[in-house]
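Each chain, written out:
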Amino acid sequence: MSDPTPRGDGGSADPVVDPVFDAVAATAPEIRAALPGRRVESGTENASGESVLAGDLYADELLGDAITAVDGVGSFVSEERESAVDAGGAVGSGPDDAYAVAIDPLDGSSNLRSNNAMGTVVGIYDAPLPASGRDLVAAGYVLYGPITTMVVADETGVREEVVERTSDGDGVERSVVEADLTLPETPTVYGFGGRVPDWTAEFRAYARAIEDSLKLRYGGAMVGDVNQVLTYGGVFAYPALRSAPEGKLRLQFEANPIAYVIERAGGASSDGTGSILDVEPEAVHQRTPLYVGNEALIERLEAAVDAD
Ligand SMILES: O=P(O)(O)OC[C@H]1O[C@](O)(COP(=O)(O)O)[C@@H](O)[C@@H]1O
Ligand SMILES: [Mg+2]
Ligand SMILES: [Mg+2]
C-alpha cells in the first residue's frame, strides 16, 4: 500500500496512513469539547469487564465513524467494541489490500472525573486483527493535555503535532512542532501502574533500584505517562501483577501502538521477556504487561523480572 510520491510535509508516503491521522485529528477538538458533560458512567461494561464512561462511548462513536470512512481502511476495532467492524475491503499485506485500525478511544478515562490528562491511541495494521505489532504500518496518539497534541510514528520517524481548530472554526489544523522525536539519551522520569503490594518481588526490587536515579512522574493515563518518557527519557510500566500476571493494558489498542512509537523513537519495549512487537496475538482484547523507555532501562528490567 505504498505511494512513491512523498507528501512533502513530513507525513507518510502511504496513501492511507495520513488520512487516518487526519480523521483522528478532525475528531479531537469535538471530543474535547464534548467531555464536560460526559464524566459520568454510561451504565455499561466493555469486553475487558471495565465500567464505560459516557465520554468513552462518545469518543468511540465519533472515531469509529471517521476512521471507517477513510478509503483503504477495511476493518476497525476499539477497546469499547466486542469485535471488529467490517469497513469494506479485505485486510492484508498485499498491494491492493486494506488496513485494519485498532483504537483506544479514550485512554485514561478514569482521569475524566478528576480532570487530568487523557488521550486516544491508534494503531494501523496491515493484517487482520488480532495482529502482531510487527504488522503495524503506523501508530500514534492524541494527548488531551493543556494543549491537544498528536504524536505520529510511521516509516519516516516520529513527530509531534499540535491539533487546533482553524480560526474560522470550520476545520482542524495539524502543525508539526517536533519533526524528529527521539528519546533523550539521559533518562529522568519513571511512572509505574498498579498497587505496590500487587507488584512481584522482582519488579519491586527493580523499582527500588531505579528510583535512586529517576524522578517519579505518574498521572494514571498511559498516553500522558508515556509522553513524559518520550519527552524527558525514562521508563513507563504497567507491570505483570501478582493478581493479574497479564497486567492491565491491551495488546492491540494500547501496548502495540505505544511500543511502536517508542521503538521508532529509539527506545525499547518489553513484555518482560522481549519486544512487545513480538508478542503472539491471540485475541482482540488480550492483555499484556507493558514496559517502555530507554533501552538500558528496559534491559535492566528484563534482567530483573526474567530472572525466575
Ligand atoms: O489506575 P491504574 O491501575 O494506575 O491504571 C491506569 C492505567 O489504566 C488505563 O487508564 C487503562 O486505559 P483505559 O482508560 O483506556 O481503560 C491506562 O491509561 C493507565 O496506564
Ligand atoms: Mg487505555
Ligand atoms: Mg480507553
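Numbering of residues starts from 1 in every chain and runs along the sequence as written. Just so you know, chain letters begin at A and ligand numbers begin at 1, following the order they were written in. Two thresholds apply to this predicted model, a pLDDT of at least 70 for residue-level local features and 80 or more for giving and counting side-chain atom pairs, whereas whole-chain, interface and lining totals are computed over all residues. To get the side-chain values, all heavy atoms of the structure are used, and hydrogens and water are removed first.

### Here we look at the domain arrangement of the protein
Domain delimitation in this document rests on an assignment produced automatically or drawn from a domain database. We note that the domain assignment places domain 1 (17–178) and domain 2 (189–305) within the protein. Of note, the centres of domain 1 and domain 2, computed from C-alpha atoms alone, are 21 Å apart. Taken together, the 41 residues of domain 1 in the interface contact 32 residues of domain 2. Of all residues in domain 1, P130, R134 and Y141 bury the most surface against domain 2, accounting for 21% of the area lost on that side. Residue R250 pairs with E79 through a salt bridge whose shortest N-O separation is 3.2 Å. Under the rule applied, a polar contact is a pair of N or O atoms within 3.5 Å (in protein, one hydrogen donor and one hydrogen acceptor; residues adjacent in sequence only if both atoms are side-chain atoms). For the pair domain 1 and domain 2, the number of links is 18 residue pairs in polar contact (both at pLDDT 80 or more). Mapped by element, the contributors of at least two residues to the side of domain 1 that touches domain 2 are β3 (73–78), β5 (99–107), β6 (118–125), β7 (136–144), β8 (148–154) and β9 (157–165). Runs of H or I in DSSP of at least four residues are treated as helices and runs of E of at least two as strands, each being numbered from the N terminus. Counting residues per element, the side of domain 1 that touches domain 2 draws most heavily on β7, which supplies 8 residues. Ten residues, namely Ala, Val, Leu, Ile, Met, Phe, Trp, Tyr, Cys and Pro, are considered nonpolar, four, namely Asp, Glu, Lys and Arg, are considered charged, and the remaining ones, Gly among them, are considered polar. Residues belonging to the side of domain 1 that touches domain 2 are distributed by class as follows: 22 nonpolar, 10 polar and 9 charged. Contacts are assigned to residue pairs with any non-hydrogen atoms lying within 4.5 Å of each other. Joining two parts hides part of their accessible area as seen by a 1.4 Å probe, and the buried area is that hidden amount summed over both. Take a side-chain nitrogen of Lys or Arg and a carboxyl oxygen of Asp or Glu: if they are within 4 Å of each other, that pair is a salt bridge.

### Some remarks on the side chain of S270
Relative to the helices and strands, S270 resides in strand β14 (residues 268–270). At a separation of 2.5 Å, a polar atom in the side chain of S270 contacts the side chain of E302. In this structure S270 touches S275, I276, P289, L290, Y291, I298 and E302, once residues within four positions along its chain are discounted.

### Observations regarding the coordination of the magnesium ion (ligand 3)
At 2.2 Å from the magnesium ion (ligand 3) lie its protein donor atoms, namely E79 (OE), D104 (OD) and L106 (O). The rule for donors is simple: N, O or S, within 2.8 Å of the metal, or within 3.2 Å if the metal is Na, K or Ca. Water isn't counted, so a site may look like it is missing partners. The distance between the magnesium ion (ligand 3) and the magnesium ion (ligand 2) is 3.8 Å, with D104 acting as a donor to both metals. Placement of E79 in the loop between β3 and β4 (85–86) and of L106 in strand β5 is noted, with a sequence separation of 27 residues between them. Each member of the pair, E79 as well as L106, is classed as buried. Any residue under 20% of the maximum accessible area for its type is buried, any over 50% is exposed, and the rest in between are partly exposed; the area is computed with a 1.4 Å probe on protein chains only.

### With respect to the environment of V91
Structurally, V91 is set in the loop between β4 and β5. Spatially, the C-alpha atom of V91 lies 5.8 Å from that of A127, the residues being 36 residues apart in sequence. Sequence-distant contacts of V91, that is, excluding residues within four places in its chain, are made with G74, S75, D97, A98, Y99, A100, D126, A127 and P128.

### Digging into the UniProt feature "binding site: substrate" (unreviewed entry) in the protein
UniProt positions are given in the numbering used here, feature names are shortened, and annotations may be inferred rather than shown by experiment. Taking the UniProt record as the reference, the feature "binding site: substrate" (unreviewed entry) is found at D107, G108, S109, S110, Y218 and K248. Following the sequence through the fold, D107 ends up in strand β5. For D107, a relative accessible area of 3% gives the class buried. D107 has contacts with M118, G119, V121, A221, M222, V223 and E254, leaving out every residue within four places of it along the chain. With respect to the helices and strands, K248 occurs in the loop between β13 (234–238) and α6 (251–264). Classification of K248 by relative accessible area gives partly exposed; the value is 35%.

### Considering the sheet that holds β8
Strands qualify as paired when DSSP identifies two bridges or more between them. Reading across from one edge, β4-β3-β5-β6-β7-β8-β9-β10 is the order of the 8 strands in this open sheet, with mixed pairing throughout. Across the chains shown, the open sheet's two edge strands, defined by having one partner strand only, are β4 and β10 (172–178). Bridge analysis of β7 against β8 gives 6 bridges, and the strand direction is antiparallel. Bridge pairing in β8 places Y144 opposite T148.

### Brief notes about the coordination of the magnesium ion (ligand 2)
The protein atoms that coordinate the magnesium ion (ligand 2) are D104 (OD), D107 (OD) and E254 (OE), at distances of 1.8 to 2.1 Å. One chain supplies every donor for the magnesium ion (ligand 2), spaced along it as D-x2-D-x146-E.

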